[in-house]
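# Structural description and commentary
Below are the chains, spelled out letter by letter.
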Amino acid sequence: MAVAGAGLGIGAILAYGDHCRQAAEIDAPESTSGPPFPVFTRQEVARHHSEADRVWVTYGGDVFDVTDFLELHPGGKSKILLAAGGALEPFWALYAMHKQEHVLELLQGYKVGELSPEEPPLPTPGDPYAGDPPRHPALTVNTLKPFNAEPPSELLAENYLTPNPLFFTRNHLPVPTVDPATYQLHVQGIRGRTLSLSLQDLKSKFPKHTVTATVQCAGNRRAEMNALQNTNRLGWNIGAISTACWGGIRLRDVLLHAGYKQDDEGHVSFEGLDKDQSGTVYGASIPFEKAMDPKGDVLLAYEMNGEELPHDHGFPLRVVVPGTVGARNVKWLARISVGPEESQSHWQQKDYKGFSPAVTWDNVDFSKAPAIQEMPVQSAITEPSPNALVPPGELTVKGYAWSGGGQGVIRVDVSLDGGNSWQEAKLTGEAQPPGRAWAWKLWQLHASVPPGTKELNIVCKAVDTSYNEQPDSVGPIWNILGVLNNAWHRVHISVAED
């Protein structure tokens, strides 16, 4: 199984060798004894978040000006700028190599002050989101309450398994506080009998399984639809998608234990512990056939990348429905029921459905459109970033590709001229059985930029095992909810003069 690799944050590459150490030591200012360092508040540090204002970061109780190191960083200055004006700890915590002694010594050479010991202000009393967990500062936040955020595009394809702190977060309601010692999962059994299972029951009574699966929000890449015609919904960029190795028990094992049979029919509904101030909980459902399919791999997960579920991602138990839209992967799972009808939740009946571009809010009929389950084939370019300035010569283009329903991605085509000519990218990722390709492929293309080129219009499109391909433009698939955008992804960049 692939393991989340290195390459994130200041110092991640420094640890690899002498070249990095020597490069930094050339220009790093010498640390000298003298008067006490000035004291700064976090707010004052936050003002230094760009090269124009000098790039400051904090580590422990110290403040550092790393502006003069930006161009020396082997990993590129864009990685450093993710922490600009803030703390290094959330970035360095992702990889142990950051805390090697020589990296810390180099950092001390850039010290310009010390951090005020004053605590940041506490959340507003009575705020329903006051109990939400801390989040990684690299995440691009779409909304704070509820919290919805995605990783920066340049980090998205750095690892096959997305590090837990960088996994995109889609919350509809406040994050519930759950005591694992008293947690109970309620499962509606046959003839009205309800099973109550503790977390320990689930772990001891049912065999553990692991599944590597990608989760994608239906609104991924909605920003492109909003640019065409605003949907007034979350403007996700390309990062509302992530991949993890999930550990837990099969949903089918629990349903069999509750008395259901393989050939039963209907829908399996899920309710979460997250609720609004009126008591309305988040809910969704999937077809019973998917839930019971031995090859469907639907999990009740309590682990994510070998660790217990983070609070933002469903602690202590969540549903993982491989190949299916993220909205059905209910977090903080409280209740499972089986019936002839879909969940009556708002998010099953009045959201996460696809419509024609001709449908407006004046004529929409939600009852006429099926709830999204499996997702269409998708790909996106993670590097270079839009409007980047790249040097002439060799160019590396990176991205991800995925298709729903267990369809594997067999090819990614990349164009540097807006789709007039194409090259085939190299795919990487775990081998997956036919029909159970639940996880994405990462891809790369190394290409030569022709001499004299001033700009490039990079395009990518993926093809899955059923030879489904992405449509070439957003217009024909635009819809009022801004979901299911899988048009060719396009990135325009400029080429520096030789």
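## Some remarks on the sheet that holds strand 5 (residues 140-143)
- Strand order in the open sheet formed by three strands is 5-6-7, with antiparallel pairing between adjacent strands. At either margin of the open sheet sits one strand with a lone partner, and together these are strand 5 and strand 7 (169-170).
- Summarising the sheet, strand 5 and strand 6 (residues 148-150) pair through three bridges and their orientation is antiparallel. Across the sheet, residue Thr 140 finds its bridge partner in strand 6, namely Glu 150.

## Topic: the pattern of salt bridges
- Counted by the stated rule, this structure contains 17 salt bridges.
- The network of salt bridges with shared partners includes Arg 411, Asp 413, Lys 461 and Glu 469.

## Some thoughts on unusual backbone geometry
- In this structure, the amide linkage connecting Lys 145 to the following residue, Pro 146, adopts the cis form with an omega of -5 degrees.
- Residue position: Pro 146 is located in the loop between strand 5 and strand 6.
- Geometrically, the link from Phe 315 to Pro 316 is a cis peptide bond, its omega value of 10 degrees lying close to zero.
- Of note, Arg 191 is a non-glycine position whose phi angle comes to about 55 degrees, a positive value.

## Here we look at a negative patch on the surface
- A cluster of acidic residues, Asp 263, Asp 264, Glu 265, Glu 289 and Asp 293, forms a negative patch at the surface.
- Along the chain, Asp 264 turns up in the loop between helix 9 (251-257) and strand 12 (267-275).

## Regarding helix 5 (residues 101-108)
- Of all the residues in helix 5, the buried ones are His 102, Val 103, Leu 106 and Leu 107. For helix 5, the angular spread of buried residues about the axis comes to 145 degrees, placing them on one side.

## What to know about the sheet that holds strand 2 (residues 56-59)
- Read from one edge of the open sheet, four strands run 1-4-3-2, paired in mixed fashion. Each edge of the open sheet is held by one strand with a lone partner, namely strand 1 (39-40) and strand 2.
- Inspection of the sheet shows strand 2 paired to strand 3 (residues 62-65) by four bridges, in the antiparallel sense. Across the sheet, the residue bridging to Tyr 59 is Asp 62, located in strand 3.

## Considering the environment of Gly 283
- By the secondary structure assignment, Gly 283 is in strand 13 (residues 281-287).
- What Gly 283 contacts, discounting residues up to four positions off in sequence, is Phe 270, Glu 271, Ser 343, Ser 345 and Trp 347.

## Quick notes on the environment of Gly 399
- For Gly 399, the position within the fold is in strand 20 (residues 393-402).
- For Gly 399, the residues in contact, after removing those within four places along its chain, are Ala 157, Ala 380, Ile 381, Thr 382, Lys 441, Leu 442 and Trp 443.

## Side note on the pairing of strand 11 (residues 241-250)
- Counting buried positions along strand 11 yields ten of ten residues, so the element is predominantly enclosed.
- Here strand 10 (residues 209-216) runs beside strand 11; their pairing, made up of eight bridges, is antiparallel. Paired with Ala 213 across the bridge in strand 11 is Ala 244.
- When strand 11 meets strand 14 (residues 299-304), the two strands line up antiparallel, connected through five bridges. For Ile 249, the partnering residue across the bridge sits in strand 14 and is Leu 300.

Scoring rules and cut-offs
- Residues numbered from 1 in each chain as written.
- Predicted model: local features only at pLDDT ≥ 70, side-chain atom pairs only at ≥ 80, totals over all residues.
- Heavy atoms only, no water.
- Pairing = 2+ DSSP bridges.
- Helix = DSSP H or I, 4+ residues; strand = E, 2+ residues; numbered from the N terminus.
- Salt bridge = Lys/Arg side-chain N within 4 Å of Asp/Glu carboxyl O.
- Patch = residues over 30% accessible without salt bridge, like charges linked within 9 Å, V, L, I, M, F, W, Y side chains within 5 Å.
- Areas by Shrake-Rupley, 256 points an atom, 1.4 Å probe, with all protein chains shown as cover.
- Lys, Arg positive; Asp, Glu negative; His and termini not counted.
- Charge placed at Lys NZ, Arg CZ, Asp CG, Glu CD.
- Buried < 20%, exposed > 50% of the residue type's maximum accessible area, 1.4 Å probe, protein only.
- Arc of directions from axis to C-beta.
- Contact = heavy atoms within 4.5 Å.

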